[in-house]
Every structure is written in C-alpha cells, then in structure tokens.
Amino acid sequence: MPRMKGADLIADYLVANKMPYVFGICGHGNVGMLDALYERRDRIKLVSPRHEQVAAHMADAYFRVRHEPVATLTSCGPGSCNIIMPLQVALSDSSAVFAITANVPTQQFNRSPFQEINKHFQADFPNIVRPVVKRSFQPTRVDMLPLALRQAMTTMLSGRPGPVNVDVPFNVFQEADDVELPPPAPRHGTQRSGASPDEIAACLELILKAQRPVLFIGHGVTLSEASRELTAFARRLGIPVISSPNGMGCYDMTDPLSLGFIGRNGAFPANQAGRHADLVIALGARFDDRSASSWLPGYSWNFPSTKLIHVDLDPDELGRNYPPDIGLLADARTVLRQLLGELERRAPQREGALEAWHAEIRTWQAEWDKFTQPNFELHASPIRPERVVADCQAVLPPDAILACDVGVNHNWYMQFWRARRPQTMLNSWGFSGMGFGAAGVLGAKLAAPDRPCVAIAGDGCFTMVPHVLCTAVEYDIPVVWVIWNNFAWASIRDIQMGMFGGRELGTAFYQGPNNKPYNPDFAAWARASGVDALTVTKSEDFKGALEHAVKANKPFLLDVHVDAEVRPPATGTWQLPPTPYREPAFGKRWLPGDPLTVG
Ligand SMILES: Cc1ncc(C[n+]2csc(CCOP(=O)(O)OP(=O)(O)O)c2C)c(N)n1
Ligand SMILES: [Mg+2]
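Thresholds applied
- Here the residue numbering is sequential within each chain, running from 1 through the sequence in written order.
- As they are written, the chains are lettered A onward and the ligands numbered 1 onward, keeping that order.
- For a predicted model such as this one, the threshold for reporting local features is a pLDDT of at least 70, and the threshold for listing and counting side-chain atom pairs is 80 or more; totals across whole chains, interfaces and linings nevertheless cover every residue.
- By convention in this description, side-chain values take in all heavy atoms of the structure and omit both hydrogens and water.
- Secondary structure elements are defined from DSSP: runs of H or I of at least 4 residues count as helices, runs of E of at least 2 residues count as strands, and each element is numbered from the N terminus.
- The globule rule used for comparison is 2.2 Å times the number of residues to the exponent 0.38, while the radius of gyration itself is calculated over C-alpha atoms.
- Relative accessible area decides the class of each residue, using a 1.4 Å probe on protein chains only: under 20% of the type maximum gives buried, over 50% gives exposed, and in between gives partly exposed.
- Throughout, a contact is declared for two residues whenever any of their heavy atoms are within 4.5 Å.
- Every accessible area reported is derived by Shrake-Rupley at a probe size of 1.4 Å, with residue values counting cover from the shown protein chains alone.
- Note on pairing: DSSP must find at least two bridges between two strands before they are called paired.
- With axes taken as lines fitted to C-alpha atoms, and helix axes fitted only over the stretch in contact, angles between N-to-C directions fall between 0 and 180 degrees.
- Throughout, nonpolar core names a set of buried Ala, Val, Leu, Ile, Met, Phe, Trp, Tyr and Cys residues whose side chains join them through atoms within 4.5 Å.
- Any Lys or Arg side-chain nitrogen found within 4 Å of a carboxyl oxygen on Asp or Glu counts as a salt bridge.
- We count Lys and Arg on the positive side and Asp and Glu on the negative side, and we leave His and both chain ends out.
- Like-charged residues within 9 Å of one another, or nonpolar side chains (Val, Leu, Ile, Met, Phe, Trp, Tyr) within 5 Å, are grouped into patches, provided each residue has over 30% relative accessible area and no salt bridge.
- Any N, O or S atom lying within 2.8 Å of the metal counts as a donor, and for Na, K and Ca the limit rises to 3.2 Å; water is left out, so some sites can look incomplete.
- Ring geometry is summarised as follows: Phe, Tyr and Trp rings, the Trp one being its six-membered ring, pair when their centres sit within 6.5 Å, and such pairs are stacked at plane angles under 30 degrees, edge-to-face over 60 and tilted between the two.
- By definition, being over a ring means that NZ of Lys or CZ of Arg is both within 6 Å of the ring centre and within 35 degrees of the ring normal.
- Comment on the angle field: the value is read as roughly parallel under 35 degrees, roughly antiparallel over 145, roughly perpendicular from 65 to 115, and oblique elsewhere.
- Here a crossing is taken to be left-handed if its near helix is turned anticlockwise relative to the far helix by less than a right angle, and right-handed if that turn runs clockwise.
- Under this grouping Gly is polar, as are all residues other than the nonpolar Ala, Val, Leu, Ile, Met, Phe, Trp, Tyr, Cys and Pro and the charged Asp, Glu, Lys and Arg.
- Looking down the strands as they point away from the viewer, one classifies a crossover as right-handed if the path from the first strand across the helix to the second runs clockwise.

A. Spatial organisation of the overall build of the protein chain. Counting secondary structure elements, the protein chain contains 22 helices and 22 strands. The C-alpha radius of gyration of the protein chain comes to 25 Å, within 12% of the 25 Å expected for a compact globule of 599 residues. Out of the 599 residues belonging to the protein chain, those deemed buried represent 58%. Considering only residue pairs separated by 6 or more positions, the protein chain has 76% of its internal contacts joining residues 24 or more positions apart. Carbon and sulfur atoms make up 52% of the accessible area of the protein chain, which amounts to about 23,200 Å² in all.

As structure tokens, this is what we get:
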C-alpha cells in the first residue's frame, strides 16, 4: 500500500471521480488541502470566489447543468458556516455538492483552539451541517479517509442526489499513512430502479381509461434525463404536460401539449387542467405548497377525487401530501421506458381518444393568451415585467441557461418562461436562497462554456453577492447578469401590501428624508470591478442590450429598471395560515360537481 498524505488521497479521489473543479476559499484549516491541489493543478482547478456561499451555489449549479458533481473546499469555523444556506438550497432541490470542510487538529480537540466549534462536543461542525446534507463524515485519521470518501461520494449520487460533507481535521490533511485509493463512486444515473410488470400494467390500465389525464413532471424527470422518453410518451397518448420549476424544459414548453407551471403563479391552463383532471401522472414531482396552491382543493388539484399515479425514487416523497392510487418507488426514465414498452406491446388505438379534453384545454389557453398577450406588446419606462421575459425568450437560443434568483422576478419567469431543453432553467425552488442565481450562473458557465449563461437576479438578491463580479473577472467567466431592478425586496413588499394594508417596513430601498428610491448604480459598480455594463430604463432598449451583452462574450451586467407595481396575475392561490387565502385574479377554484368555468 502506498504511503500517502491525507490531502493527497482526497485530491486524487476527486480526480479519480472526474471532478475538474474545486470551488473553495482558503483558511488556515485547509492550507494542506490547497497544497495537494497545487500539486495537481493540471488536472483539477481551484476557483476561489469571494464568499463561501458563492462557492457552494456554483457547485450546485454546475451539477444541475452537467449532472456531474464538483467539490467545495472551505476552512474551519466561519468559512464552513457560510455554506450552510447553499447546502440546504442544494438539498431541497436534490442537487449534489461534495463539501469538504476543514476542522481543527485532532490533537487540539476540546481545548478550544482557534475556530473550534465546541460548546457541546469537540470539532462540532458535523452537528451544524447535519440537517442540510444527506450525510456528514468526519474521518479523524488518515486510514479512515478511503472509506469516508467512497461512502460520501456514493451517498451523494445514489438515489436522489444531494450534498454531502467530509469534515477533515487539519492534521488529517497533513499526516501520512499506508492507504489505497478507493474505487470511484458509480456515476450519476447508472443505478436505476424500475417498477414490476404488474405495476406497469396497472398504471397503463388507469392511463388508457382516463378521459382527462395530465402529466406533472418535476426535477426527478430532469435528474433521470428522461426528456426523450417523456416526450415520446406524452405525444403517443396525447397527454398534456404540467411542469414544475425544476422539471421545466424536459418537455419543450413551446409545444401545444405543454401547459406550463401550476400553482399560485402558474399558467391558467395548467391550473385549469390540474383541477379538472381525472388522472394525474406525477413523475419525480413532489406537490410542494407553491405548486399545489397550498393543498387547498380546487385551486390546482382535486385529490382524492382525481386519481393519482405517483412515481418517485424517494419513499419520503411518495404520498407525502397526496396518497397515490398507485405509488411507484422508481426512477422516472425507467418507468417511462417500461410504459412505452408496454404500450408498444398493446398498441392501443388512440385516434381522437382525448379530443374533448384537448378542446377544453385549447379554450383555456385561448382565454389565457387573450388576457396576457397584450401586455407583452407594451413599451414603458420603467419596463413592464412581461417585456423582460419576452425579450429574453426572443434573444436567447434554446440551449441558453437561465440561472434564476429569488423574488417576484422569479414568479414572472415561472409563469411565462418557455424552457425548450432540459437543464436550461435553474431555480432555487425548495429553499429559495437569495444569491443562488447571481452566484450559480458562474458554476453553470463553467459547466457549459459554449452556451450563453444568463442570471436573472433581483436588485435585492444581487446585493447579497455583488462580489460575483470579481470572480467572473478573475477567472474570465463570461456570464450575463440581468439585474431586475425594482428598488425593493418587492416580493415581500407585495405580501405586506396584501396582508397588512400597505404598512411597508423594511421591504424597499430608500434614501433621504423624502424616501427617494435608492440603489447603488449597478452599472458603475460592475465597471469598477472590471465588468462591462449598461443601464436600461426603457423597454425599447432591453432587447438590443441583451443581444449585445450575450454577443460580447465577456462578463456583462445589465441594470434593468422594472416596474414594481405590475404584479403577476395569480391563477391559483398560496396560503400562510392563519391568513385567509386569496381567490385567483384570473380563473376560479373548481371542485368536482361544479359547473365548468372559463376565464
Ligand atoms: C437569503 C435569503 N434571505 C431572505 C429571503 C426572503 N426573501 C425572499 S424574496 C426576497 C426579496 C427579493 O428581492 P429582490 O431580489 O429584489 O427580488 P424582487 O422580489 O424585488 O423581484 C426576500 C428578502 C430569502 N429567500 N433568502
Ligand atoms: Mg427587487
């Protein structure tokens, strides 16, 4: 067995698992690891942003684009505490991050050395990180590293992907032992579970009997890379598709069978189809509150009177919110392939089978288009939100990647963006961590260097991580930031407006005694950092500015002034108990037995 330093073993294992990057920030705790990375700098590159939060968002976004993980590296104490939020972002959205954290030397455990977290237990970072990772490992000797590394890598990628932590005391990087490099972990997507033939037959019975079926696709479809099978299945049977945010693009959203997103800020046809459906086939989707109108019947869904087939590989998600009629603990792509195989065998005649359902859906789509489309044509200053979405759609090619941040700007993209390819629309959906888009776009671009990568970030989100500008310049990462500048934490301000009668406090940015709206001059800020930038206040100018920024092929910021007073129309609802929920602005709750309603 070769005698190796712990840090060398870790670095070799990252290389053996084909990780081209480590996103990390130095500290005295991890200098041993940095030295091992120096040794291998021709095979694995350290990218060092200015905040640990950014490092973890970058790794998360990198995985979402490529389905190949990379590592983060942070030091002991505060540096590693800075990655808690982005790790939960990754955990909530099933994204893999291999988070290596440093700790104090084992020789000094419990003596309260510099930066030890030890109020209740020695070197206690694993207790801090525990709720936000699939598993945390703390090998305290070099000979414990091979097992910990292999288990961590395997856990991260097996089943539902998620972040893991390997917490390494300072001396374990530096000390040497006789150790063997463990075998690399199976790559993402190589181990898949399926359903039994009986289960597939039972599903197909339900599906072929249904008069008003819909597919509801989530991140599980993206993660299982099932776009081709999903498209074939939906088209073969003519089943309309509702997309959850992280499922967007698996089914081309410009296709007539695509109904868009569902929930409060969903598209009207999706909510209509969801609440009128007699069968929902949910694939890798989890019916969270925002895509289920807070589970209030009749707004987005009507379970249990609607039948439910629920496919997920995480048993915790099967039936968490709605008990399924058929629950399949299985991989989405495998199940779709099985269903397609069974369909081929049975070759059912489907000509016109769902014609009445399609006709209803077309009416809803027409109503929705009539209501929304005129606003996409309007020019204004500040700019109407619809125009920003429409011009992004017009300028960006189908393979461009959008890294969305959090806020009302995101709601607009949820409602109107039409993703055409899988893994092109990155959202912090489950945890909504501000900074995900502005920072994640850097990781996305490293994952897809030949494709345009654009962050849509609110003024509030961007000011949480403005130092991303430095990282783009330092590492020459040509991304575009579109700052959706409405001079407010507008999504939260809108809640204050709606719930507390306009008593606005702490939700908008002001300066001076007359409460003049305030924000930094984002374009000047960018230029000061070495990033090209433009300020756009008129809608006529946005499209050209975006074209220019994308073509420039260097880091570029567009400060786009958007009207905060135009709000996305609610087509479902969202409730924060005990506050009463609001009726949709467009469309109505519908319960089984109610007469059919339109518009
Ligand atoms: C780290 C973090 N802090 C606070 C919040 C709560 N929050 C959600 S949206 C939002 C405001 C976002 O403001 P901005 O980026 O300007 O987007 P807008 O809603 O104005 O479009 C806040 C504070 C959060 N989700 N994440
Ligand atoms: Mg804002």
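We are not done yet, so read on.
B. Broad picture of the environment of Ile239. When you line up the elements, Ile239 lands in the loop between helix H11 (227–237) and strand E10 (241–243). C-alpha of Ile239 to C-alpha of Cys392: the two residues are 153 residues apart in sequence and 29 Å apart in space. Not counting residues up to four positions away in its chain, the partners in contact with Ile239 are Ile207, Pro213, Val214, Leu215, Phe233, Ala234, Leu257, Ile281 and Leu354.

C. Structural view of the sheet that holds strand E14 (residues 326–329). Pairing within the open sheet is parallel, and its six strands lie in the order E11-E10-E9-E12-E13-E14. The open sheet has two edge strands, strand E11 (258–260) and E14, and neither has a second partner. For this sheet the average axis-to-axis angle between neighbouring strands, irrespective of direction, equals 20°. Bridging between E10 and E11 involves two bridges; their strand directions are parallel. Looking across to E11, one finds that Val241 is bridged to Ser258.

D. Quick peek at the nonpolar core. If you look at the biggest cluster of nonpolar residues, it comprises 98 residues, and the most contacted ones within it are Ile207, Trp301 and Tyr413. Aside from chain neighbours lying at most four places away, what touches Ile207 is Phe233, Leu237, Ile239, Leu279, Ile281, Ile309 and Leu339.

E. How the structure looks around the pattern of salt bridges. Scanning the entire structure with this criterion turns up 28 salt bridges. The salt bridge involving Asp314 is made with Arg160; its shortest N-O contact spans 2.6 Å. Linking Asp314 in the loop between strand E13 (307–312) and E14 with Arg160 in the loop between helix H7 (145–157) and strand E7 (164–169), this pair joins segments that are 154 residues apart in sequence. Between Arg493 and Glu565 there is a salt bridge, with its nearest N and O atoms 3.1 Å apart. Here Arg493, found in helix H20 (residues 490–499), pairs with Glu565, found in the segment after strand E22 (556–561); they are 72 residues apart in sequence, far enough to count as distant.

F. Molecular detail of the side chain of Asp288. As for its placement among the helices and strands, Asp288 is situated in the loop between strand E12 (279–283) and E13. For the buried Asp288, no salt bridge is present, and the opposite-charge side chain at shortest range is Arg290, 4.6 Å distant. Sequence-distant contacts of Asp288, defined by excluding residues within four places in its chain, comprise Trp295 and Trp429.

G. Fine view of a nonpolar patch on the surface. A surface patch of nonpolar side chains, about 260 Å² in accessible area, is lined by Met499, Phe500 and Leu576. Following the sequence through the fold, Leu576 ends up in the segment after E22.

H. View of the coordination of the magnesium ion (ligand 2). At 2.1 Å from the magnesium ion (ligand 2) lie its protein donor atoms, namely Asp459 (OD), Asn486 (OD1) and Ala488 (O). The sequence pattern describing where the donors of the magnesium ion (ligand 2) fall on their chain is D-x26-N-x1-A. With respect to class, Asn486 is no different from Ala488; both count as buried.

I. Quick look at the environment of Thr155. Among the secondary structure elements, Thr155 is positioned in helix H7. Judged by relative accessible area, Thr155 falls into the partly exposed class, the value being 22%. Leaving out residues up to four positions away in the same chain, Thr155 has contacts with Lys134, Arg135, Phe137 and Val164.

J. Here's a closer look at the packing of aromatic side chains. Following the criterion strictly, the structure yields 27 aromatic pairs and no others. Seen from their ring centres, Trp368 and Phe586 are 5.5 Å apart, and the 50° between their planes marks the pair as tilted. One end of the pair, Trp368, is in helix H14 (residues 355–377); the other, Phe586, is in the segment after E22, and 218 residues separate them in sequence. Residue Trp368 shares its accessibility class with Phe586, and that shared class is buried. What links up through ring pairs into an aromatic cluster is the set Phe268, Trp368, Phe371, Phe376, Trp412, Phe416 and Phe586. The ring of Tyr38 carries Arg41 above its face, with NZ or CZ at 4.0 Å from the centroid. Directly above the aromatic system of Trp429 lies the positively charged group of Arg290, at a separation of 3.6 Å from the ring centroid.

K. Geometry of the packing of helix H15 (residues 385–395) against helix H16 (residues 408–416). Across the interface, H15 lies against H16 with an axial gap of 10 Å and an inter-helix angle of 55°. With respect to each other, H15 and H16 are oriented oblique. Regarding H15 and H16, the two cross each other, and that crossing is right-handed. Across from Pro385, Glu386, Val388, Val389, Cys392 and Gln393 in H15, the residues of H16 making contact are Trp412, Tyr413 and Phe416. A class-by-class count of the residues in the contact of H15 with H16 yields seven nonpolar, one polar and one charged.

L. Molecular detail of unusual backbone geometry. Note the cis peptide between Ser381 and Pro382, where omega equals -5°. Mapped onto the elements, Pro382 comes out in the loop between H14 and H15. Between Pro577 and Pro578 the backbone carries a cis peptide bond, its omega angle lying at 10°. For Pro578, the location among the structural elements is in the segment after E22.

M. Quick look at the pairing of E22. The buried count for E22 comes to six of six residues, which makes it a mostly enclosed element. Both faces of E22 are covered, namely the face carrying Phe556, Leu558 and Val560 and the face carrying Leu557, Asp559 and His561. As defined by bridge partners, strand E18 (residues 480–485) adjoins E22 across six bridges and the pair is classed as parallel. Residue Trp481 lies in a different strand from E22, and its bridge partner there is Leu557. As paired strands, strand E21 (residues 532–536) and E22 are joined by five bridges and run parallel to one another. Residue pairing across strands places Asp532 opposite Phe556, the latter belonging to E22. The handedness of the E21 to E22 crossover, carried by helix H22 (residues 539–552), is right-handed.

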